[in-house]
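Letter by letter, the chains look like this.
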Amino acid sequence: EARYPWTSKMKILIDPAHGGSNIGHMSPTGILEKQLTLNLANEVGKLLCNGAIVTLTRFDDEDVSHTRRLDMAAKSDLTLSLHWHAAANPNVHHIEAWTRTSDSEAIARFILQKVGLETGEDTRWKPTMNRITHGTRPVVILMCGYLSHMETERGIIDGTMISAVARGISQAVLTHYSAGVGR
């Protein structure tokens with residue numbers, strides 16, 4: 001029996017940003033954003049799969065067109081696009097969510113709250129016209145941390161940062177939607 005009442009209907013698309021020839025940002029020690037987003041997407045997917053129908057835009061290190069991502073987002077109830085930041089200043093570190101609609105804002109703020117509790121990082125929400133948009137379906141672009149920050153990179157290397165972000169995302173999504181807030 002399903003753990004969450006909306007399991008048969010809730011479709012979540014996880015977009016591990018970049019991939020293939022688009023490496024995204026790189027940490028000082030050479031960790032590539034495209035690999036981190038894929039690792040995180042897989043972990044989030046595992047945590048959500050018992051409570052939702054989860055699809056990833058990519059399962060490998062491959063190029064995925066913007067058009068394909070949009071087409072996939074159009075068939076989902078929620079799209080989470082996962083990214084990592086980098087900055088010239090190595091002291092900059094926080095987690096951000098970017099959204100476009102009020103439905104997106106509610107889940108984005110809840111994700112930030114849960115991820116902030118799990119990671120101990122400051123969080124920021126930014127309204128924006130994000131690239132993955134389709135109608136009024138909720139889309140959250142999550143900047144999961146700064147690869148240029150030494151402590152963040154340490155947490156990525158030892159796995160604690162990826163696990164904490166994944167737990168925060170999954171807790172927020174499952175709680176938000178099982179309570180009927182996002183439906």
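Residues numbered from 1 in each chain as written. Predicted model: local features only at pLDDT ≥ 70, side-chain atom pairs only at ≥ 80, totals over all residues. Heavy atoms only, no water.

(A) Fine view of helix α4 (residues 150–158). The complete set of buried residues in α4 reads Thr152, Glu153, Gly155 and Ile156. Around the axis of α4, the buried residues are gathered within 160° of arc, so they sit on the same side. In α4, the exposed positions that point more than 90 degrees away from the buried face belong to Met150, Ile157 and Asp158. Against α1 (33–48), β3 (78–85), β6 (139–146) and α5 (160–178) lie the buried residues of α4. Positioned one or two residues after α4, Gly159 has a phi angle of 90°, which is positive. (Buried < 20%, exposed > 50% of the residue type's maximum accessible area, 1.4 Å probe, protein only. Helix = DSSP H or I, 4+ residues; strand = E, 2+ residues; numbered from the N terminus. Arc of directions from axis to C-beta. Contact = heavy atoms within 4.5 Å.)

(B) Region of interest: the sheet that holds β3. Spatially, the six strands line up as an open sheet ordered β2-β1-β3-β6-β4-β5, and their pairing is mixed. The sheet terminates laterally at β2 (53–56) and β5 (123–127), the two strands that pair on one side only. Taking each pair of neighbouring strands and ignoring which way they run, the sheet shows an average axis angle of 20°. Where strand β1 (residues 11–16) and β3 come together, five bridges link them in parallel fashion. Directly across from Ile14, in β3, lies its bridge partner Leu80. Those strands touched by α5 are β1, β3, β4 (95–99) and β6, and its axis lies near 155° from that of β3. (Pairing = 2+ DSSP bridges. Axes fitted to C-alpha atoms, helices over the stretch in contact; angles between N-to-C directions.)

(C) Inspection of α1 at higher detail. If you check α1, its first and last C-alpha atoms are 22 Å apart, about what 16 residues at 1.5 Å a residue would give, namely 22 Å. Of the surrounding secondary structure, the elements contacted by the buried residues of α1 are β1, β2, β3, β6, α4 and α5. (Expected span 1.5 Å × (residues − 1).)

(D) Up close: the nonpolar core. Counting residues in hydrophobic clusters, the biggest one holds 36 residues, and the most contacted among them are Ile169 and Val173. Looking at this core, the elements with two or more residues in it are β1, α1, β3, β4, α3 (102–119), β6 and α5. Broken down by element, this core gets its largest block of residues, nine residues, from α5. Beyond its immediate chain neighbours, meaning those up to four positions away, Ile169 contacts Val44, Leu80, Leu82, Ile111, Val115 and Leu142. (Core = buried A, V, L, I, M, F, W, Y, C linked by side-chain atoms within 4.5 Å.)

(E) Representation of the pairing of β4. Summarising burial for β4: four of the five residues are buried, a large majority. Pairing of β4 with β5 involves five bridges; the strand directions are parallel. For Ile95, the partnering residue across the bridge sits in β5 and is Thr123. Running through α3, the crossover from β4 to the neighbouring parallel element β5 is right-handed. Bridging between β4 and β6 involves three bridges; their strand directions are antiparallel. The partner of Ala97 across the bridge, within β6, is Leu142. (Right-handed = clockwise from strand over helix to strand, strands pointing away.)

(F) Highlighting the pairing of β6. Summarising burial for β6: eight of the eight residues are buried, a large majority. Inspection of the sheet shows β3 paired to β6 by six bridges, in the parallel sense. Note that in β6 the partner of His85 across the bridge is Tyr146.

(G) Inspection of the pattern of salt bridges at higher detail. Summed over all chains, the structure comprises six salt bridges. Residue Lys126 pairs with Glu96 through a salt bridge whose shortest N-O separation is 3.4 Å. A residue pair is termed long-range when its members are at least 10 positions apart, and Lys126 in strand β5 and Glu96 in strand β4 qualify at 30 residues. Residues Arg154 and Glu151 are paired through a salt bridge, measuring 2.1 Å at the closest nitrogen-oxygen approach. With Arg154 and Glu151 both in helix α4, this residue pair falls three residues apart, about one helical turn. When its relative accessible area of 43% is taken as the criterion, Arg154 is described as partly exposed. On the basis of relative accessibility, which here comes to 47%, the residue Glu151 falls in the partly exposed class. (Salt bridge = Lys/Arg side-chain N within 4 Å of Asp/Glu carboxyl O.)

Function cannot be inferred from these measures alone, as they are strictly geometric.
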